[in-house]
Amino acid sequence: MIRIFLAGILVGITLSGLYKHFVTDRIMDGGNGMENPDAAFPLDGDRTYVDNSDLWPVLEGTWEGENGRWQAVIGEESGIVLRADGETVLTSPLYFTYLRPDKADWTELEPEERELATPDGVPLGKIEDFGYEAGSGEGSGTLMLKLERPGDSEKTVTFQKTQEQER
């Protein structure tokens, strides 16, 4: 009777150990003792994640404004270079952090400098809001730039990506 009881306990311990090994460690944790990165929640339509290094390739490249007047060139090392009518109006490091683990369509981008001015020093405005809006598929996102212009008027510029950044 005691042998049957001990055998039952041994079988229970073995089964729980096998469950932990195959289900908890291998399937849920990807076999390496931490959260499986393939099971992480995507942040946006481009299937990027909380790690900023995954969003940089989505942002890097040349972006054109809808009327051709505006252009933005983004690079991880160079930040953002913003041009209006072919003139550089902003050169700044670019920062962003996305910490929400659920699906999101908007990532706030923070240039270090927010004042736009021509090379001659003529002010064009101040960046009120700047971010990346995800589309429904890879490569379909847009940049949205909201400017507060001199005289208290506002302008919103929408950018589409035209080419990838050379590495």
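Shown above is the structure to which this text applies.
No experiment lies behind these values; they were computed from the predicted model shown.

S.K.: How should I be thinking about the overall build of the protein in this particular structure?
M.R.: Counting its regular elements, the protein contains two helices and eleven strands. Secondary structure elements of the protein, listed N to C terminal, follow the sequence α-α-β-β-β-β-β-β-β-β-β-β-β. Looking at the 167 residues of the protein, the share that counts as buried comes to 31%. The contacts in the protein between residues at least 6 apart in sequence include a share of 43% that link residues at least 24 apart. For the protein, the accessible area works out to roughly 10,500 Å², and carbon and sulfur atoms hold 55% of it.

S.K.: Just checking my understanding: could you explain the environment of I80 for this structure?
M.R.: Considering the arrangement of structural elements, one finds I80 in strand 3 (residues 79-84). Classification of I80 as buried rests on a relative accessible area of 1%. Distance from I80 to P111, taken between C-alpha atoms, is 7.5 Å for residues 31 residues apart in sequence. Excluding residues that lie within four positions of it along the chain, I80 makes contacts with A72, V73, I74, L90, T91, S92, L94, P111 and F130.

S.K.: Before we go on, may I ask you to explain the side chain of T142 in this structure?
M.R.: Looking at the element boundaries, T142 is found in strand 10 (residues 142-149). Non-local contacts of T142, meaning those with residues more than four positions away in its chain, are made with W63, G131, Y132, E133, T158, F159 and Q160.

S.K.: Explanation requested: the nonpolar core in the structure shown.
M.R.: One finds W70, L82, L143 and F159 to be the most contacted residues of the largest nonpolar core, which totals 26 residues. It is helix 2 (residues 52-59) that contributes the most residues to this core, four residues altogether. For F159, the contacting residues outside a window of four places in its chain are W63, E64, G65, W70, Q71, A72, L82, T142, L143 and L145.

S.K.: Honestly, the packing of aromatic side chains in this entry has me stumped. Any pointers?
M.R.: In this description, a pair of aromatic rings is defined by centroid distance and the angle of the planes. Taken as a whole and judged by the stated rule, the model has two aromatic pairs. Seen in terms of ring centroids, W63 and Y132 are 6.2 Å apart; in terms of plane orientation they differ by 75°. Their pairing is edge-to-face. Taken together, the positions of W63 in strand 1 (residues 61-65) and Y132 in strand 9 (residues 123-133) put the pair 69 residues apart, joining distant regions of the chain. W63 sits in the buried class, given a relative accessible area of 1%. Residue classification places Y132 among the buried positions, given a relative accessible area of 1%.

S.K.: Looking at this structure, I do not really get the side chain of E60. What am I missing?
M.R.: On the secondary structure map, E60 appears in the loop between helix 2 and strand 1. Residue class for E60 comes out buried when judged on its relative accessible area of 5%. Within polar-contact distance, the side chain of E60 engages the backbone nitrogen of E76 at 2.8 Å.

S.K.: Please explain the pairing of strand 3 as it appears in this structure.
M.R.: Successive residues of a regular strand alternate their side chains across the two faces of the sheet. Summarising burial for strand 3: five of the six residues are buried, a large majority. For strand 2 (residues 70-75) and strand 3, the ladder comprises six bridges, and the chain directions are antiparallel. From the neighbouring strand, A72 faces strand 3, where its bridge partner is L82. Here strand 2 folds back onto strand 3 in antiparallel fashion, the turn holding three residues. Where strand 3 lies against strand 4 (residues 87-92), five bridges are found, and the strand directions are antiparallel.

S.K.: What should I look at first to understand unusual backbone geometry in this one?
M.R.: Most peptide bonds are trans, and most residues other than glycine sit at a negative phi. Here D85, not a glycine, exhibits a phi torsion of approximately 55°, which is positive. Among the secondary structure elements, D85 is positioned in the loop between strand 3 and strand 4.

Criteria and thresholds
- Residues numbered from 1 in each chain as written.
- Predicted model: local features only at pLDDT ≥ 70, side-chain atom pairs only at ≥ 80, totals over all residues.
- Heavy atoms only, no water.
- Helix = DSSP H or I, 4+ residues; strand = E, 2+ residues; numbered from the N terminus.
- Buried < 20%, exposed > 50% of the residue type's maximum accessible area, 1.4 Å probe, protein only.
- Contact = heavy atoms within 4.5 Å.
- Areas by Shrake-Rupley, 256 points an atom, 1.4 Å probe, with all protein chains shown as cover.
- Core = buried A, V, L, I, M, F, W, Y, C linked by side-chain atoms within 4.5 Å.
- Phe/Tyr/Trp six-rings, centres within 6.5 Å; stacked < 30°, edge-to-face > 60°.
- Polar contact = N/O pair within 3.5 Å; in protein donor to acceptor, adjacent residues only side chain to side chain.
- Pairing = 2+ DSSP bridges.

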